[in-house]
Amino acid sequence: MSTGSGAASAPAPDPYDTKTALDAPARKNSMFSSLRIRNYRLFFLGQVVSNIGTWMQRIAQDWLVLSLTGSSAAVGITTALQFLPMLLFGLYGGVLVDRLRKRPTLMVTQTAMALTSIALAVLTLTGLVEVWHIYVAALALGFATVVDNPARQSFVSELVGPGQLQNAVSLNSANFQSARLVGPAVAGLLITGVGTGWAFLLNGLSFIAPLTGLMLMRARELHPVERAPRGKGQLREGLRYVAGRPDLLWPIVLVGFMGTFAFNFPVYLSAFADDVFHGDAGVYSMFNTLMAVGSVSGALLAARRGTARLRLLIMAALAFGALEILAAAAPELWMFALIMVPLGLVSMTVNVTTNTSLQMSTDPSVRGRVMALYMMVFLGGAPVGAPIVGWVTDTYGARLGFAAGGAIAMTAAAVIGLILARAGGLRLAVHWHHGHPVVRFVPRDHPKALAPAA
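Just so it is clear, the structure is predicted and the values come from calculations on it, not from any experiment. (Residues numbered from 1 in each chain as written. Predicted model: local features only at pLDDT ≥ 70, side-chain atom pairs only at ≥ 80, totals over all residues. Heavy atoms only, no water.)

Peer 1: In this structure, what is going on with the overall build of the protein chain? I would like to understand it.
Peer 2: On a plain count of helices and strands, the protein chain comes out with 16 helices and two strands. Accessible surface computed for the protein chain: about 19,500 Å², of which carbon and sulfur atoms make up 68%. (Helix = DSSP H or I, 4+ residues; strand = E, 2+ residues; numbered from the N terminus. Areas by Shrake-Rupley, 256 points an atom, 1.4 Å probe, with all protein chains shown as cover.)

Peer 1: So what exactly am I meant to see when it comes to the packing of helix α2 (residues 38-69) against helix α7 (residues 196-206) here?
Peer 2: When two helices pack together, their arrangement is given by the angle between the helix axes and by the axis-to-axis distance. Interaxial distance between α2 and α7 falls to 8 Å at its minimum, and their mutual angle equals 150°. Regarding the angle of α2 to α7, the classification is roughly antiparallel. Classified by chirality, the crossing of α7 by α2 is left-handed. Seen from α2, the contacting residues are Val-49, Ser-50, Gly-53, Thr-54, Met-56, Gln-57, Ala-60, Gln-61, Trp-63 and Leu-64; seen from α7, they are Thr-196, Ala-199, Phe-200, Leu-202, Asn-203 and Ser-206. Across the contact of α2 with α7, the residue classes tally to eight nonpolar, eight polar and no charged. (Axes fitted to C-alpha atoms, helices over the stretch in contact; angles between N-to-C directions. Parallel < 35°, antiparallel > 145°, perpendicular 65-115°, else oblique. Left-handed = near helix turned anticlockwise from the far one by under 90°. Contact = heavy atoms within 4.5 Å. Nonpolar A, V, L, I, M, F, W, Y, C, P; charged D, E, K, R; others polar.)

Peer 1: Explain empty space enclosed by the protein to me, please; I cannot follow it from the model alone.
Peer 2: Vacant regions in the atomic arrangement are exposed by a probe of water-molecule size rolled over the atoms. By the definition in use, this model includes three cavities of 30 Å³ or more. In this structure, the largest cavity occupies an estimated 50 Å³ of space. Here the lining of the largest cavity is built from residues that sort into six nonpolar, two polar and one charged. (1 Å grid on protein atoms, 1.4 Å probe; cavity = no way out; pocket = protein on both sides within 12 Å on 5 of 7 lines; lining within 4 Å. Points joined across faces, edges and corners; volume = space filled by probe spheres on them.)

Peer 1: Looking at this structure, how should I read helix α14 (residues 333-361)?
Peer 2: Because the α-helix completes a turn every 3.6 residues, residues three or four places apart line up on one side. The first and last C-alpha atoms of α14 sit 42 Å apart over 29 residues, in line with the 42 Å expected at 1.5 Å per residue. Counted residue by residue, α14 has 21 buried out of 29 residues, so it is predominantly covered. (Expected span 1.5 Å × (residues − 1). Buried < 20%, exposed > 50% of the residue type's maximum accessible area, 1.4 Å probe, protein only.)

Peer 1: Can you walk me through helix α5 (residues 131-160) in this structure?
Peer 2: Look at α5: 42 Å from first C-alpha to last across 30 residues, which is about the 44 Å you get at 1.5 Å a residue. Of all the bends in α5, the largest measures some 40° and sits at Thr-145. Across the 30 residues that make up α5, a large majority, 22, are buried. In the stretch just after α5, Gly-161 is the one whose phi turns positive, near 80°. (Bend = angle between axes of the 7 residues up to and from the residue.)

Peer 1: Teacher, can you tell me more about the packing of aromatic side chains here?
Peer 2: Where two aromatic rings form a pair, the distance of their centres and the angle of their planes describe that pair. Applying the stated criterion across every chain yields a total of 17 aromatic pairs. Aromatic side chains Trp-391 and Tyr-396 sit 5.8 Å apart centroid to centroid with 85° between the ring planes, which places their arrangement in the edge-to-face category. Given a relative accessible area of 51%, Trp-391 falls into the exposed group. Through a chain of ring-to-ring contacts, three or more aromatic side chains come together here, namely Tyr-268, Phe-272, Phe-277, Phe-287, Phe-336 and Phe-402. Here the basic side chain of Arg-58 rests over the ring of Trp-55, its NZ or CZ set 4.6 Å away from the ring centre. (Phe/Tyr/Trp six-rings, centres within 6.5 Å; stacked < 30°, edge-to-face > 60°. Lys NZ or Arg CZ within 6 Å of the ring centre and 35° of its normal.)

Peer 1: Just checking my understanding: could you explain a nonpolar patch on the surface for this structure?
Peer 2: On the surface, Leu-84, Leu-87, Leu-88, Phe-89, Tyr-92, Phe-143 and Val-384 cluster together to form a nonpolar patch covering roughly 630 Å² of accessible area. Of all the elements, helix α3 (residues 72-99) adds the most residues to the nonpolar patch, at five residues. In this fold, Leu-84 is placed in helix α3. (Patch = residues over 30% accessible without salt bridge, like charges linked within 9 Å, V, L, I, M, F, W, Y side chains within 5 Å. Salt bridge = Lys/Arg side-chain N within 4 Å of Asp/Glu carboxyl O.)

Peer 1: What's the story with the environment of Val-352 in this structure? I'm lost.
Peer 2: If you trace the backbone, Val-352 turns up in helix α14. The class of Val-352 is buried, set by a relative accessible area of 0%. Val-352 sits 181 residues away from Leu-171 along the chain, and the two C-alpha atoms are 9.5 Å apart. If sequence neighbours within four positions are ignored, Val-352 has contacts with Val-169, Ser-170, Ser-173 and Ala-302.

Peer 1: Explain the environment of Phe-32 to me, please; I cannot follow it from the model alone.
Peer 2: Of note, Phe-32 is situated in the loop between α1 (18-21) and α2. By relative accessible area, Phe-32 is classed as partly exposed at 44%. Once the C-alpha coordinates of Phe-32 and Leu-171 are considered, the two residues, 139 residues apart in sequence, prove to be 7.5 Å apart.

Peer 1: Looking at this structure, I do not really get the nonpolar core. What am I missing?
Peer 2: Across soluble globular proteins, nonpolar side chains have a tendency to be buried as a group. Counting 55 residues, the largest nonpolar core has Leu-254, Phe-287, Phe-320, Phe-336, Met-340 and Phe-402 as the members making the most contacts within it. Those elements giving two or more residues to this core turn out to be α3, α10 (246-262), α11 (265-276), α12 (281-303), α13 (310-328), α14, α15 (367-396) and α16 (398-423). When sequence neighbours within four positions are dropped, the list of residues in contact with Phe-402 reads Tyr-268, Phe-272, Glu-324, Ala-327, Ala-328, Phe-336, Met-340 and Leu-343. Of all hydrophobic cores here, the second largest spans 27 residues; its members include Phe-43, Leu-214, Leu-222 and Ala-303. (Core = buried A, V, L, I, M, F, W, Y, C linked by side-chain atoms within 4.5 Å.)

Peer 1: Just checking my understanding: could you explain the packing of α10 against α14 for this structure?
Peer 2: As a packed pair, α10 and α14 sit with axes 10 Å apart at the nearest point and diverge in direction by 155°. By the angle between their directions, the pair α10 and α14 is classed as roughly antiparallel. Two packed elements cross with a definite hand, and for α10 against α14 that hand is left-handed. On α14, the residues that touch Asp-247, Leu-248, Pro-251, Ile-252, Val-255 and Met-258 of α10 are Val-350, Thr-354, Leu-358 and Ser-361. Its residues placed into classes, the contact of α10 with α14 shows seven nonpolar, two polar and one charged.

Peer 1: Looking at this structure, I do not really get the confidence of the model for the protein chain. What am I missing?
Peer 2: As a general rule, the predicted coordinates of low-pLDDT regions are not to be interpreted in detail. In this model, the protein chain carries an average pLDDT of 80, and 82% of its residues clear a pLDDT of 70 or more. Within the protein chain, the lowest mean pLDDT, 42, falls on α1, and the highest, 95, falls on helix α8 (residues 208-216). A low-confidence stretch, residues 1-27 stays under pLDDT 50, and its non-local contacts, those more than four residues away or across chains, total 76 contacts. The model gives residues 448-454 a pLDDT under 50, and that stretch makes 13 contacts with residues more than four places away or in other chains. (pLDDT = per-residue confidence, 0-100.)

Here is the structure:
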């Protein structure tokens, strides 16, 4: 990427600095402050259009496979093929991203995704499509994602710099979740009105927006980072870097547990809609919509925070597990549905806080590899955990399955919170403030950890 006159990225903070690790004060930003930056504004607007197209394709793809085969297993195979490349080759994608300029790389990957969607549209509109065509298209999209995902994640820091990174990452999440409210509805209208092929075609054309935004960006206004030189052992170097940084390793481990066992919402919510509350597809859609509303709210709230605190990550993960257990025990449909909103909010808080803390704490030269590892664990956990979660849900019931996922999330959050506190030289302390107990992490040698607050 052309460097120009932008400021260099900030150095990675000390992982054992207690203000960085668990208890750093947050700065309040304007909710949309990063949109004042022209390059990020072009990126954001392009993603608005493209994300809607992506959600349209997801719905149309699953529906087309089901229509051609009548098999839910075939739908599962399609999903697995789309995520398999990230699980197998995600780390290698991160190595490539650290070597390459981000903007040209994204132009290549976005073009590849557009051509894949247009090819599938042509096959569908001409009546020639077969299920193996969809499998190949899903696999091709998966391979493009191996490079596209870490490139997009790490490119955000080059667009806005370290000062606006939290805000920009949060707005990206709000962007994606807002598209989740629009894309499936538009896809439903297209599928019933003119056919699935048009949804694929519109998704392919939607990539014109991000490609145009990338071309219109001003290279001199980017915040350049030093690219990693080509060399042997870069994959191992990235893994060693993460292994030596508890503030990076343990949040990734936490998201791995949650992505594998607690974030399997298609399994949980469809089981509650059908088996527990005896509803139809409309009930399942309502659950997803309410979660999306909470997710958008969580992303916008995160956009107001100026820094990402690992303490917030642990608290959000604990709250997420508790809400899943509470939802599992909800006796009425309306109670379960209401819990979906805060559940979506805290799940987005977990995602945004992890994403931002990793990017802000990582040396720019290995950021692509770190983000690739994060996405590999986060996205790759679902295909591994879904069969296990599905078996537990089928064998012991939806309520026990959902509660088990919540219990795993809470346990992982509690254990990893204590590990991070120990690594940061902190300990749990309780003191009284206006007659109420306050629990917080303090340095191990804090002299008044249990004393009443003044």
